[in-house]
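Notes for the structure review
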Amino acid sequence: MNRRTLIATAAAIGATMAAPAFAQDWPTRPLTMVIGFAPGGSTDIQGRVLANVMEEFLGQPVNVVNQPGGGSAVAFTRLKNTAADGYTFLFGGTTALTFTPIITPVEYEIDDFEYLAAVALGQNAIVTSAEQPFETFDEIIAHGKENQMTYAQQTPLDEAIIRAIAEEEGLDLAIVPTGGGGGMAPLVLGREVDFAYSGGTHAQYTPTGEMVVAAFMSAERSPFYPDTPTLMELGYDYSIEDYRTVIVPQGVPDEVKARLMEAAEYASESQAFKDITEGNTFFPVVYIGQEEMEASVRRIRAATEEVMGSN
Amino acid sequence: MDFSAVGAAASEAFTLASFIGIGGGVLLGYIVGVIPGLSRSVAISIAIPLTFYMSPFIAISFLIGLSKGTAAGSAVSAILLNAPGEASSAATALDGYPMAKKGKPKTALQVGLLASVIGDILATIILIFVAIPFARVALLFGPYEMAAILAFALVFIAGLSGGSIFKGLAAGGLGIFLGTVGLDNQTGLPRLTFGYTELMDGMPLIAVAIGTLALSEMFVQSEKLRYDRAGMSVELKNDRSDHITWPLFRSIIPTVLRGTGVGTFVGALPGLGPSVGSFMSYGMTVKASKDPESFGKGNPKGIAASESADNAVIPAALIPLFGLGIPGNVSAALLIGAFAIHGITVGPLLLRDNPELLYSIFAGMILASLIMLALGWFGLMIFAQITKVPPHVVIPIVIFFCLAGMMLQGYGTFGLVILIAFAALGYLMKKYDYSFVTFLVAFIITPMLELNLRQSIILSRGNWEILLNRPIALFFIVCTLVALVALAVRTFKTGKPVANAPAD
């Protein structure tokens, strides 16, 4: 090593140690995005595109790691125990925090994490087959007052809501489990069940005219089905809200959080992310900052506890 | 069929880039298949990011080629090492390994390869012609039919296990018991998880499969090594008489056709995987044979039955995927993600929106089969070199791949603990002649059976008469009962199971 390189090295070390330059320098090594579901689902699809776009912005690879189990409960348990340096973050829905802890003992709580930014809105809907004699949610209820009916659930939460509505309306309803959107579709299309819950699978079947969305369980109407009302609009005081969010463990330095939020915001404006998320999974792309998300997660949790408690 | 689209598709399918892409996929798959413990779904999940920079057609064909390659490659280690590269080739080892031991390793490999390729091509052709009309037929298979078929598969496969019926029941019962671990499907409440978040989705299938199949086999082999230095792997000699002959090839054709039929049927039904297909085909071949005693001792028909069905499942699993958008198994589910990354929604819309892409994929799949034949035939000796490596080198490497494969699944240390526990269980089962195959199949089938059975009972509101309107379900229920009675009668009469397929 000659003198010139020695000086250059010293200068470089000096530069890295200079604190104000930090924000622009981070990250200095590859990042890991944890997805709490198996490859192939809507969270995984959105997450992989998001990782690509964030990589563009941050200048370091963002590797996607799938940690399936318990509707993301496994991934959250792990995330809680990783170093809070921002290099490992989770992308996914918030139901593992707003709903799962109510019915299942888990080792994490809402306060163990920070909710940096939501980039897509979950789409929870009630669907039925186009070949059924009913189409809207009101028609389903009317049909159910005359006939025995069947409903396919995917989570205890949607079951609790539908059970409450069935009781209010005096329906004779049998509720079956499906084990996910992949299992729901053949039951609905084969008319084994009269109506069902869909967490987003309907995006594949409504364009063909095989499936009809009777009502949305989310708080607001979907921009992709502007004529379909929500349960709230129909006079039922229930909703399931879900935000696809970038989540880090509590205690990540502020500068790092700021960089991740910038990257998420950049992604929410990127055409590639919009094309896949809106065009293929029919999830509206948004950008909701940390302050609002922290409040939303806690508000949804309280509301969900009320619904589950009433059953 | 839209012929201008077919023409355009063919011209896109046969370019240099696609040859390299598909050939690379098949080669990679073949290598993954040969290595026990590195599974197909692991390989596909790792390979998906590699396809980001390929065109959608090449990306999908690459991944399908990879799947096909693993199914063919897994026969190599099943035959030469008695350690199936994929769980679905476990049935291949039953006759492949004894045949190789008897000095016909090359013939066994060639039978396996030809059966794989024929099963593959035929199932691909069936896929091309039935994928679209299938959408209607598949809807006839509701929860009643699925529950009946799964119950039949469980009893049928249990009937193939070696040893006494009581040991078979014990192994199957343990599989069913462990298959119920995890969150309840409907209430979401944990069952038998003992507070471990990791068990919420049940015992990880990959850990159970690698543990009982591959890792426990390494324990068995290392124990043998202490007494038998000659080793576990079969040496490939330059024996000129050791190659497939025309009469032999002709004699396995009916078996291959049956295997393809079974594999296609099993693959097309969502939820059943290639392991169910290869074992069902093997069982049917043993039953149809005039000489059932020769199976398990190196009958080439056993290899042909298992391998043709194993490979037929791969294209057949795409029938519900392209027809309905429902994956037939885990690897098909991974393909949905790969499609989505390239901005394509798989399902009935694909034909309408992207006919050229769909036909190119079909052309690419045929190309993949042909590349597989060439690669397998001429590369046979090269791939088989792994078996020239002495066992004391192979065993640690395979153990490493088993552990690494587990880590790649993202289950962490917990996964390793489960893996080793199941390896120990598998070792004891092998040692005391309990059928680990019955155990594994029961474990895999239980969650699906439970879900479909529950759905059937709730939907029927407990009314049995509903079955009279479901002839397909009724047929399989009768088959299940007949198989059960036959199994019991034969066991008590002769003290032997219906078909004797020794585990070793």
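**Quick word on the overall build of chain B**
- Assigned secondary structure in chain B consists of 20 helices and 2 strands.
- Taken over 504 residues, chain B has a buried fraction of 59%.
- Across chain B, contacts joining residues at least 24 apart in sequence account for 80% of those joining residues at least 6 apart.

**Considerations on the pairing of strand E6 (residues 149–153) of chain A**
All names here are of chain A.
- For E6, the tally of buried residues reaches 5 of 5 residues, placing the bulk of the element in the interior.
- The sheet contact formed by E6 and strand E7 (residues 173–177) spans 5 bridges and is parallel. By the bridge assignment, Thr-150 is partnered in E7 with Ala-174.
- With helix H8 (residues 156–169) bridging E6 and the parallel E7, this β-α-β connection has right-handed handedness.
- Here E6 runs beside strand E8 (residues 195–198); their pairing, made up of 2 bridges, is parallel.

**What to know about the nonpolar core**
- Grouped together as the largest cluster of nonpolar side chains are 204 residues, with contacts concentrated most on B:Leu63, B:Leu150, B:Ala207 and B:Ile210.
- Among the elements that take part in this core, helix H4 (residues 56–81) of chain B stands out by supplying 16 residues, more than any other.
- In contact with B:Leu150, other than residues within four places in its own chain, are B:Ile445, B:Met448, B:Leu449 and B:Asn452.
- Core analysis: the next-biggest nonpolar cluster, separate from the first, contains 36 residues, A:Met184, A:Ala196, A:Phe216 and A:Met217 among them.

**A look at the confidence of the model for chain A**
- Averaged over all residues, the pLDDT of chain A is 86; the fraction at 70 or higher stands at 90%.
- Below a pLDDT of 50 lies the segment residues 1–21 of chain A, which in the model reaches 2 contacts outside its immediate sequence neighbourhood of four places, other chains included.

**Considerations on the sheet that holds strand E5 (residues 125–129) of chain A**
- Strand order in this open sheet of 5 strands is E7-E6-E8-E5-E9 (chain A), and the pairing throughout is mixed. A single partner strand is all that each edge strand has here, and the edge strands are E7 and strand E9 (211–216) of chain A. Recorded for the sheet is a direction-independent mean angle of 30 degrees between the axes of neighbouring strands.
- Most of the contacts of helix H7 (residues 137–146) of chain A go to E9(A), to which it runs at about 95 degrees, and overall it touches E5, E6, E7, E8 and E9 of chain A.
- Packing of helix H19 (residues 436–460) of chain B onto the sheet brings it into contact with E6 and E7 of chain A, and relative to E7(A) it is tilted by some 175 degrees.

**Overview of the environment of A:Gly122**
All names here are of chain A.
- Within the secondary structure, Gly-122 sits in the loop between strand E4 (113–121) and E5.
- Given 21 C-beta atoms within 10 Å, Gly-122 falls into the buried group.
- Remark: the alpha-carbon pair of Gly-122 and Gly-199, spanning 77 residues in sequence, is separated by 7.5 Å.
- For Gly-122, the contacting residues outside a window of four places in its chain are Gly-93, Ser-218, Glu-241, Asp-242, Tyr-243, Arg-244 and Phe-283.

**Overview of the packing of helix H5 (residues 90–101) of chain B against helix H11 (residues 274–288) of chain B**
Residues and elements named next belong to chain B.
- At their nearest, the axes of H5 and H11 sit 8 Å apart, and the two run at 40 degrees to each other. In this view, H5 runs oblique relative to H11, as classed from their interaxial angle. Together, Ala-90, Ala-91 and Leu-94 of H5 and Ser-275, Ser-278, Phe-279 and Tyr-282 of H11 make up the contact between the two elements.
- Class assignment for the residues of the contact of H5 with H11 results in 5 nonpolar, 2 polar and no charged.

**Notes on unusual backbone geometry**
Residue and element names in this part refer to chain A.
- A cis amide bond links Trp-26 with the next residue in sequence, Pro-27, at an omega value of 0 degrees.
- For Pro-27, the position within the fold is in the loop between helix H2 (22–25) and strand E1 (31–35).
- Positioned with a positive phi, Arg-191 is a non-glycine residue whose angle comes to about 55 degrees.
- With respect to the helices and strands, the residue Arg-191 is situated in the loop between helix H9 (181–189) and E8.
- Overall, the presence of 14 C-beta atoms within 10 Å leaves Arg-191 in the partly exposed class.

**Focus on helix H8 (residues 165–179) of chain B**
Residue and element names in this part refer to chain B.
- For H8, spanning 15 residues, the distance from its first C-alpha to its last is 21 Å, which sits close to the expected 21 Å at 1.5 Å a residue.
- Along H8, the residues classified as buried are Gly-168, Ala-171, Gly-172, Gly-175 and Gly-179. One face of H8 carries all of its buried residues, which in axial projection span an arc of 95 degrees.

**What about helix H4 (residues 73–80) of chain A?**
All names here are of chain A.
- Along H4, 7 of the 8 residues are buried, which leaves the element largely enclosed by surrounding structure.
- All buried positions along H4 are accounted for by Ala-73, Val-74, Ala-75, Phe-76, Thr-77, Arg-78 and Leu-79.
- Where H4 is buried, its residues touch E1, strand E3 (88–92), helix H5 (95–98), helix H6 (100–103) and strand E10 (243–249).

**Re the domain arrangement of chain A**
All names here are of chain A.
- Looking at the assigned domains, one finds that chain A contains domain 1 (29–122 + 241–309) and domain 2 (125–216).
- Taken over C-alpha atoms, the centre of domain 1 sits 28 Å from the centre of domain 2.
- Listed per partner, the contact involves 9 residues of domain 1 and 6 residues of domain 2.
- When its residues are assigned to classes, the side of domain 1 that touches domain 2 shows 6 nonpolar, 3 polar and no charged.

**Concerning the packing of H11(B) against H19(B)**
Residues and elements named next belong to chain B.
- Orientation of H11 relative to H19, taken along the N-to-C sense of each, is 135 degrees, at an axis distance of 11 Å. Here H19 runs oblique to H11, going by the angle between their axes. For the crossing formed where H11 meets H19, the hand is left-handed. The residues of H19 that touch H11, namely those facing Ser-275, Val-276 and Phe-279, are Val-437, Val-441 and Ile-444.

Each value, and the rule that gives it
- For every chain, the first residue of its written sequence is number 1, and the numbers climb from 1 along that sequence.
- As a convention, the first chain written is A and the first ligand written is 1, with the rest following in written order.
- A pLDDT threshold of at least 70 governs which residues receive local features in this predicted model, and a stricter bar of 80 or more applies before side-chain atom pairs are shown or counted, although totals over entire chains, interfaces and linings include all residues.
- Secondary structure follows DSSP: runs of H or I at least 4 residues long count as helices, runs of E at least 2 residues long count as strands, and numbering of each begins at the N terminus.
- Put plainly, a residue is buried at 20 or more neighbouring C-beta atoms within 10 Å of its own, exposed at 12 or fewer, and partly exposed in between, counting only other residues' C-beta atoms, which are placed from the backbone.
- With C-beta atoms placed from the backbone, a contact is any residue pair whose C-beta atoms sit within 7 Å.
- At least two DSSP bridges between two strands are needed for those strands to be called paired.
- Clockwise travel from the first strand over the helix to the second, with the strands pointing away from the viewer, marks a crossover as right-handed.
- In plain words, the nonpolar core is the set of buried Ala, Val, Leu, Ile, Met, Phe, Trp, Tyr and Cys residues that C-beta atoms within 7 Å link up.
- The predictor's confidence in any single residue is recorded as pLDDT, a number from 0 to 100.
- Axis lines are fitted through C-alpha atoms, for helices just across the contact stretch, and the angle between N-to-C directions can take any value from 0 to 180 degrees.
- Any angle between 65 and 115 degrees counts as roughly perpendicular, while under 35 counts as roughly parallel, over 145 as roughly antiparallel, and the rest as oblique.
- Note on residue classes: Ala, Val, Leu, Ile, Met, Phe, Trp, Tyr, Cys and Pro are nonpolar, Asp, Glu, Lys and Arg are charged, and everything else, Gly too, is polar.
- In a helix, the anticipated span is given by 1.5 Å times the number of residues less one.
- In this context, the arc is that of the directions from the helix axis out to the C-beta atoms.
- Bear in mind that the domain bounds are from an automatic or database domain assignment.
- A crossing counts as left-handed when the near helix is turned anticlockwise from the far one by less than a right angle, and as right-handed when that turn is clockwise.

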